Amino acid sequence: MRRRKPSENEKTQSSNSKPDEEDDKNKKVTTKKTKDKDKSNKWSCVDSCCWFVGCICTVWWILLFLYNAMPASFPQYVTEAITGPLPDPPGVKLQKEGLRAKHPVVFVPGIVTAGLELWEGHQCAEGLFRKRLWGGTFGEVYKRPLCWVEHMSLDNETGMDPAGIRVRPVTGLVAADYFAPGYFVWAVLIANLARIGYEEKTMYMASYDWRLSFQNTEVRDQTLSRIKSNIELMVATNGGKRAVIIPHSMGVLYFLHFMKWVEAPAPMGGGGGSDWCAKHIKAVMNIGGPFLGVPKAVSGLFSAEARDIAVVRAIAPGVLDNDLFHLQTLQYGMKMTRTWDSTMSMIPKGGDTIWGGLDWSPEEGHVPSKKKQRNNDTQILGQNETGSLVSQAKGVNYGRIISFGKDVAEAPSSEIERTDFRGAVKGNNVANSTCRDVWTEYHDMGFGGIQAVAEYKVYTAGEILDLLEFVAPKMMARGSAHFSYGIAENLDDPEYKHYKYWSNPLETKLPDAPDMEIYSMYGVGIPTERAYVYRLTPAAECYIPFQIDTSADAEDENSCLKDGVLTVDGDETVPILSAGFMCAKGWRGKTRFNPSGIQTHIREYDHAPPANFLEGRGTQSGAHVDIMGNFALIEDIIRVAAGATGEDLGGDQVYSDIFKWSEKINLAL
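Computed from a predicted model, the values in this text were never measured in an experiment. (Residues numbered from 1 in each chain as written. Predicted model: local features only at pLDDT ≥ 70, side-chain atom pairs only at ≥ 80, totals over all residues. Heavy atoms only, no water.)

Peer 1: I would appreciate a short explanation of the overall build of the protein chain in the present structure.
Peer 2: A tally of helices and strands in the protein chain yields 24 helices and 21 strands. By the burial criterion, 52% of the 669 residues in the protein chain qualify as buried. For the protein chain, contacts bridging at least 24 residues in sequence account for 75% of all contacts bridging at least 6. Carbon and sulfur atoms make up 54% of the accessible area of the protein chain, which totals about 30,500 Å². (Helix = DSSP H or I, 4+ residues; strand = E, 2+ residues; numbered from the N terminus. Buried < 20%, exposed > 50% of the residue type's maximum accessible area, 1.4 Å probe, protein only. Contact = heavy atoms within 4.5 Å. Areas by Shrake-Rupley, 256 points an atom, 1.4 Å probe, with all protein chains shown as cover.)

Peer 1: Would you explain the packing of helix H12 (residues 295–303) against helix H19 (residues 461–471) in this entry?
Peer 2: The angle between the axes and the distance between the axes are what describe a pair of packed helices. At a minimum axis distance of 10 Å, the contact between H12 and H19 shows a crossing angle of 20°. The orientation of H12 relative to H19 falls into the category roughly parallel. Pair H12 / H19 crosses with left-handed handedness. In contact with Val 298, Leu 301 and Phe 302 of H12, H19 contributes Ile 464, Leu 467, Leu 468 and Val 471. Residues belonging to the contact of H12 with H19 are distributed by class as follows: seven nonpolar, no polar and no charged. (Axes fitted to C-alpha atoms, helices over the stretch in contact; angles between N-to-C directions. Parallel < 35°, antiparallel > 145°, perpendicular 65-115°, else oblique. Left-handed = near helix turned anticlockwise from the far one by under 90°. Nonpolar A, V, L, I, M, F, W, Y, C, P; charged D, E, K, R; others polar.)

Peer 1: How should I be thinking about a negative patch on the surface in this particular structure?
Peer 2: A surface patch of like charges, here negative, comprises Asp 407, Glu 410, Glu 555, Asp 556 and Glu 557. Within the secondary structure, Glu 410 is located in helix H17 (residues 406–410). (Patch = residues over 30% accessible without salt bridge, like charges linked within 9 Å, V, L, I, M, F, W, Y side chains within 5 Å. Salt bridge = Lys/Arg side-chain N within 4 Å of Asp/Glu carboxyl O. Lys, Arg positive; Asp, Glu negative; His and termini not counted. Charge placed at Lys NZ, Arg CZ, Asp CG, Glu CD.)

Peer 1: What should I look at first to understand the sheet that holds strand S21 (residues 599–606) in this one?
Peer 2: Sheet strands pair via backbone hydrogen bonds, and the direction of the pair is either parallel or antiparallel. Strand order in the open sheet formed by six strands is S7-S1-S8-S9-S16-S21, and the pairing between neighbours is parallel. A strand with exactly one partner marks an edge of an open sheet, and here the two such strands are strand S7 (203–205) and S21. On average, adjacent strands in this sheet sit at an angle of 15° to one another, irrespective of strand direction. The pairing of strand S1 (residues 105–108) with S7 spans three bridges and is parallel. (Pairing = 2+ DSSP bridges.)

Peer 1: Just to check I follow, could you spell out the state of the cysteines for this structure?
Peer 2: A covalent bond between the sulfur atoms of two cysteines is what we call a disulfide. Evaluation of the coordinates by the stated rule reveals one disulfide. Bridging Cys 124 to Cys 147, the disulfide has an S-S length of 2.1 Å. Handedness of the Cys 124-Cys 147 disulfide follows from its S-S torsion of about 80°: it is right-handed. With Cys 124 in the loop between strand S2 (116–120) and strand S3 (132–134) and Cys 147 in helix H6 (residues 145–152), this pair connects stretches of sequence that are 23 residues apart. Residue classification places Cys 124 among the partly exposed positions, given a relative accessible area of 32%. (Disulfide = S-S within 2.5 Å.)

Peer 1: Is there a simple way to think about the nonpolar core in this case?
Peer 2: The nonpolar side chains of a soluble globular protein tend to be buried with one another. Phe 107, Trp 186, Trp 210, Ile 231, Phe 258, Ile 402 and Val 453 are the most contacted members of the largest nonpolar core, which has 156 residues in total. For this core, the element with the most residues is helix H10 (residues 250–263), which contributes 10 residues. In contact with Trp 210, other than residues within four places in its own chain, are Gly 110, Ile 111, Val 112, Ala 114, Leu 116, Trp 134, Met 152, Met 250, Trp 340 and Ser 342. Listed in part, the 11 residues of the second largest apolar core include Tyr 398, Ala 554, Cys 560 and Leu 561. (Core = buried A, V, L, I, M, F, W, Y, C linked by side-chain atoms within 4.5 Å.)

Peer 1: Where do I start with a nonpolar patch on the surface in this structure?
Peer 2: Residues Val 59, Ile 62, Leu 63, Phe 65 and Leu 66 make up a contiguous nonpolar surface patch of roughly 510 Å² in combined accessible area. Assignment of secondary structure puts Leu 66 in helix H2 (residues 45–69). Taking relative accessible area as the criterion, Leu 66 reaches 46% and is therefore assigned partly exposed.

Peer 1: What is the right way to look at helix H20 (residues 473–480) in this model?
Peer 2: Residues lying three or four places apart along an α-helix face the same way, a consequence of the helix completing one turn every 3.6 residues. If you check which residues of H20 are buried, you get Met 475, Met 476, Arg 478 and Gly 479. On an axial view of H20, the arc spanned by its buried residues comes to 155°, and they lie on one face. (Arc of directions from axis to C-beta.)

Peer 1: Just checking my understanding: could you explain the sheet that holds strand S4 (residues 166–169) for this structure?
Peer 2: With antiparallel pairing, the three strands of this open sheet are ordered in space as S3-S2-S4. A strand with exactly one partner marks an edge of an open sheet, and here the two such strands are S3 and S4. Here the strands of the sheet are splayed against their neighbours by 45° on average, with no regard to which way each runs. Inspection of the sheet shows S2 paired to S3 by two bridges, in the antiparallel sense. From the neighbouring strand, Glu 117 faces S3, where its bridge partner is Arg 132. With respect to the sheet, H6 is in contact with S2, S3 and S4, its orientation differing from that of S3 by roughly 80°.

Peer 1: Explanation requested: the pattern of salt bridges in the structure shown.
Peer 2: Between side chains of opposite charge, a pair can form when the charged atoms approach closely. On inspection of all chains with the given rule, the structure shows 27 salt bridges. Note that Glu 117 is salt-bridged to Arg 130, the shortest N-O span being 3.6 Å. Here Glu 117, found in strand S2, pairs with Arg 130, found in the loop between S2 and S3; they are 13 residues apart in sequence, far enough to count as distant. Linking Asp 420 and Arg 422 is a salt bridge whose minimum nitrogen-to-oxygen distance equals 2.9 Å. A relative accessible area of 45% places Asp 420 in the partly exposed class. Look at Arg 422 and you get partly exposed, because its relative accessible area is 35%. Within the structure, one salt-bridge network assembled from shared partners comprises Asp 161, Arg 168, Asp 209, Arg 211, Arg 220 and Asp 221.

Peer 1: I'm lost on unusual backbone geometry in this one. Help?
Peer 2: Glycine aside, the phi torsion of most residues is negative, and most peptide linkages are trans. Here the residue pair Ala 266 and Pro 267 is connected by a cis peptide bond, since its omega of 5° sits within 30 degrees of zero. By secondary structure assignment, the location of Pro 267 is in the loop between H10 and helix H11 (276–280). Although it is not a glycine, Ser 249 sits at a positive phi angle of roughly 55°. By relative accessible area, Ser 249 is classed as buried at 7%. Its identity is not glycine, yet Glu 572 carries a phi of approximately 90°, on the positive side.

Peer 1: What am I meant to see in the confidence of the model for the protein chain here?
Peer 2: Interpretation of this model should avoid reading the predicted coordinates in detail wherever pLDDT is low. Per-residue confidence for the protein chain averages 84 on the pLDDT scale, and 78% of its residues sit at or above 70. Ignoring residues within four places in sequence, the model shows residues 310–321, a span with pLDDT below 50, making 22 contacts including any to other chains. Counted against residues more than four places away or in other chains, residues 370–392, with its pLDDT under 50, gives 31 contacts. (pLDDT = per-residue confidence, 0-100.)

Peer 1: For this particular structure, what's the right way to read the pairing of strand S17 (residues 526–536)?
Peer 2: For a regular strand, side chains alternate in direction, first toward one face of the sheet and then toward the other. Of all 11 residues in S17, eight are buried, a share of seventy percent or more. Bridge analysis of strand S14 (residues 402–404) against S17 gives three bridges, and the strand direction is parallel. Note on S17: the bridge partner recorded for Phe 404 is Tyr 534. Here six bridges tie S17 to strand S20 (residues 565–570), and the two strands are oriented antiparallel to one another. Its bridge partner being in S20, Tyr 532 is matched across the sheet by Val 565. Relative to strand S18 (residues 546–548), S17 runs antiparallel, the two being bridged by three bridges.

Quick look at the structure:
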């Protein structure tokens, strides 16, 4: 069959259709390129965050490099050109006076300030053997955050090592001399002690795993036994001169536990006998000691917050709750820290007797806006000005540690209608099963349980324990086996021989060591967290249901209520009531808590910020960690280490109302 030849018209149409097809193809290619270009130009939140973190790290390392590259004398030269000649460091000054090393010195670091390193881990931690997971550069936090959280967490049932993971404390003076590059903790004090002749054989850093309960540091690592042996060795090799112990922050509670442990018979204790402390300890110089706990611990356990975190959430809503780099910051932070039993050692102790109730507190009338300078009984402040400010402060209810709503925080107790949350039916789970990887125990609360907590409206120190047991029963079950928060009626009761009472000064006796001295040394003049205004978080998947209400501000700018936090005088972390009460009243003279009459001294350091950025963190700071570089505090420590007593230092040095507030506390002594 013959094929028909195409006509001229058909040929023309065919030739015309080819350019059209080519045009269509070109349009498709152009459209695809445009889309690809649009995709490449699209800027995501994660990209922004990556660049932001990268810029911060780059700038930090450049500044650190420049700082290390400049001559050591340059900062001092510039500072002196601006402010005049700087005073000699305490070590230099006291060396010129002829002071020399005498008593061995033991440092006891607090929570989070000592390094932890990896000895065994899972596959994700390959290459990190004996590398610091805590302290140093914290590089693994942003390199492999979930792996880091996994290895820094303890077992939620036992409070000990999870299977296949061993994280252990760094040893030696390097364990806590610097927390991070350029951020000193003990380094300045160590350097000044070295000026008068101290060296590593006469100084000992009693590092321990600060995540564990105090007794478990002995069970797992025999840390208490090591401290005992090292103190005995240092005393024996220094001609029998007793040691000066310097605990900081939670280390104060840890050493209080040690002093009871070392006296107690084995196997629960160290078997040193009732005279061990008298033979081996000259003085315990407690720095920033949370003897009676800190309200900050409550907000941390309840909602993984403190004032600074709450403010960040207010400025950048959602940032700390987002699944950033597959790490929901606050939720994973709560999951991790709730496995650290040591945090429960700092829950406020003594209940309403110490911290106040719905309508009273020892600090009632505190004036936050004006600085009072007080030395013993001398006060400098205008009488009329004081009266007006005190009248404004009388309505502040510090005893209400948690209030749901600003109106509840300020209302008379008779007008607050409360529904008891204890025994409430918790109802259906708040979160789906995916949240169980993030939350520790809030996923079991249910909407009913969350609502019941909010409807109780206000919690005093005596009710905080019930609240935490309701929202975190597993955590508090572990905590109640290792810590206690009450006031002993009869200290001779055999019940108080158990180790759970040893870190509570209201449920233990000081050692039988009348020649020993105890110092409480802390900063004052900085607003310090005391109570919180909360709100319910809008329901959302995997959110923490409670949040500090940063919109709660007092109308008066001089008020202590700001960003949902009520503040009192303190060192930014520990209120002076907790740091000073025991030495001001509880242990002062012969009391049932101090039957041998150990001498107690209060040394307060009035906060003064650095005059310029070249002074770094300053030499007169009263802040909780920065006080470790305070020249006046360092001088006091060196003098005692060189043989001085509290009377040689001038006795009490007081700027606050600690004695007045202590007298308001009705505690049988």
